[in-house]
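Commentary on secondary and tertiary structure
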Amino acid sequence: MIALVIAASLLVGVNLGILGGGGSVLTVPILVYLAGQDTKEAIATSLFVVGVTSLAALIPHARAHRVRWRTGLLFGAFSMAGAYGGGRVAEYVPGTALLVAFAAMMLATAAAMLRKPRRPGEPQSPQPPHRDLPLKHVAAAGLVVGAVTGLVGSGGGFLVVPALAILGGLPMSSAVGTSLLVIAMNSFAGLAGHLADVRIDWSLALTVTAAAVAGSVIGARFAGRIPQDTLRRTFGWFVVVMGAFVLTQQLDTGVWTHPATWAGLGTMVLGVTAARIRQARRATATTPGRDSRRRAHSPRRPAGRGDHKAAI
């Protein structure tokens, strides 16, 4: 079983190296269902694994000057406070509730991953210029992101990156690099909150971390060779399956047979389908057809004598 845990941890690292996020989304189920850990112990262990792996992944981004240190440290300081508080609150929350919240976070992450990115021909909202984040925005976003990370052991990168990109106007490359600094900071702060109530199997934690760090190095080398859209879709659907599996393991059978559950699932499916149809229509409306492009680029040949006879 330990060999399977190491192999899965290696894949977690590869995923981190290629996509730059999602480590804890996979680490917690691996520790719970493969390593047989308690829910709270798995969450605490995942915070250690993700924190160390994020520091390892931060090094190449820092060398490429894709880390905004001032913004990251300021955001991370507030996030650490929220993560520590979330870790302490988790002591009073039942393990089943934590796993259900974790599964909900997985499904939200999958929705973000499966959302079709805008194409170059589609209209885009103007990107704000880079600026330092206002202190009140830093405080609010940092506390919320940190609390989610410390409470359920997930939600770091997939919440930090949008916050830095939207609120701060950072380029995506800088947002990803800076988020690794924030993730490492609030992961260790959340771990400190959990250590007051949870004991960690450090031999297993170090083994999983070593495999994840090695996988992140491997994944970074393949990051530019695999189409990102393919990776996003594959990872997104994989997380959907994992999230549904966790929910089926934790929720009572009566919940799944209740009409409200199926009504909610049907509404979600219809919403996703409608969104994809609207995106496809916008892409079709903004992309000229093949025949029109061919006519636009082909030179018009003047009518010759043969054409005149054919016309007659």
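Residues numbered from 1 in each chain as written. Predicted model: local features only at pLDDT ≥ 70, side-chain atom pairs only at ≥ 80, totals over all residues. Heavy atoms only, no water.

**Here's the deal with the overall build of the protein chain**
Secondary structure summary: the protein chain contains 14 helices and zero strands in total. Reading the helices (α) and strands (β) of the protein chain from amino to carboxyl end gives α-α-α-α-α-α-α-α-α-α-α-α-α-α. Going through the 312 residues of the protein chain one by one, you find that 40% of them count as buried. Of the contacts made within the protein chain by residues no fewer than 6 positions apart, 83% connect residues no fewer than 24 positions apart. (Helix = DSSP H or I, 4+ residues; strand = E, 2+ residues; numbered from the N terminus. Buried < 20%, exposed > 50% of the residue type's maximum accessible area, 1.4 Å probe, protein only. Contact = heavy atoms within 4.5 Å.)

**Focus: the confidence of the model for the protein chain**
With 71% of its residues at a pLDDT of at least 70, the protein chain reaches an overall mean of 75. For the stretch residues 118-130, pLDDT sits under 50, and the model shows 16 contacts to residues farther than four places along the chain or on other chains. pLDDT under 50 marks residues 308-312. Its contacts with residues more than four places away, or in other chains, come to zero contacts. (pLDDT = per-residue confidence, 0-100.)

**Digging into the nonpolar core**
In this structure, Val28, Met106 and Val208 are the most contacted members of the largest nonpolar core, which totals 28 residues. Those residues within four positions of Met106 in sequence are excluded, and the remaining contacts are Val25, Pro29, Val239, Met242, Gly243 and Val246. Membership of the second largest hydrophobic core comes to 12 residues, among which are Ala163, Ala165, Leu170 and Val182. (Core = buried A, V, L, I, M, F, W, Y, C linked by side-chain atoms within 4.5 Å.)

**Quick word on a nonpolar patch on the surface**
Together, Leu10, Ile218 and Phe222 give the surface a local cluster of nonpolar side chains, amounting to about 230 Å² of exposed area. What makes Leu10 partly exposed here is its relative accessible area of 32%. (Patch = residues over 30% accessible without salt bridge, like charges linked within 9 Å, V, L, I, M, F, W, Y side chains within 5 Å. Areas by Shrake-Rupley, 256 points an atom, 1.4 Å probe, with all protein chains shown as cover. Salt bridge = Lys/Arg side-chain N within 4 Å of Asp/Glu carboxyl O.)

**Details of unusual backbone geometry**
With phi around 60°, His65 is a residue other than glycine that occupies positive phi space. Mapped onto the elements of the fold, His65 is located in the loop between helix H3 (39-63) and helix H4 (69-89).

**Some words on the packing of H4 against helix H6 (residues 135-152)**
The N-to-C vectors of H4 and H6 enclose an angle of 35°; their axes lie 6 Å apart at closest approach. Note on packing geometry: the crossing formed by H4 with H6 is right-handed. For the pair formed by H4 and H6, the contact residues are Leu74, Phe75, Phe78, Ser79, Ala81, Gly82, Ala83, Gly86, Gly87 and Val89 on the first element and Leu135, Val138, Ala139, Ala141, Gly142, Leu143, Val145, Gly146, Ala147, Gly150 and Leu151 on the second. Partitioning the contact of H4 with H6 into residue classes produces 14 nonpolar, seven polar and no charged. (Axes fitted to C-alpha atoms, helices over the stretch in contact; angles between N-to-C directions. Left-handed = near helix turned anticlockwise from the far one by under 90°. Nonpolar A, V, L, I, M, F, W, Y, C, P; charged D, E, K, R; others polar.)

**Here we look at the packing of H4 against helix H8 (residues 172-195)**
If you want to describe how two helices pack, look at the angle between their axes and the distance between the axes. In contact at an axis separation of 7 Å, H4 and H8 are set at 25° when each is read in the N-to-C sense. Taken as axis vectors, H4 and H8 run roughly parallel relative to one another. As for the relative orientation of H4 and H8, their crossing is right-handed in sense. For the pair H4 and H8, contact is made by Trp69, Gly72, Leu73, Phe75, Gly76, Ala77, Ser79, Met80, Ala83, Tyr84, Gly87 and Arg88 and by Thr178, Leu181, Val182, Met185, Asn186, Ala189, Gly190, Ala192, Gly193 and His194, respectively. Residue classes in the contact of H4 with H8 are distributed as 12 nonpolar, nine polar and one charged. (Parallel < 35°, antiparallel > 145°, perpendicular 65-115°, else oblique.)

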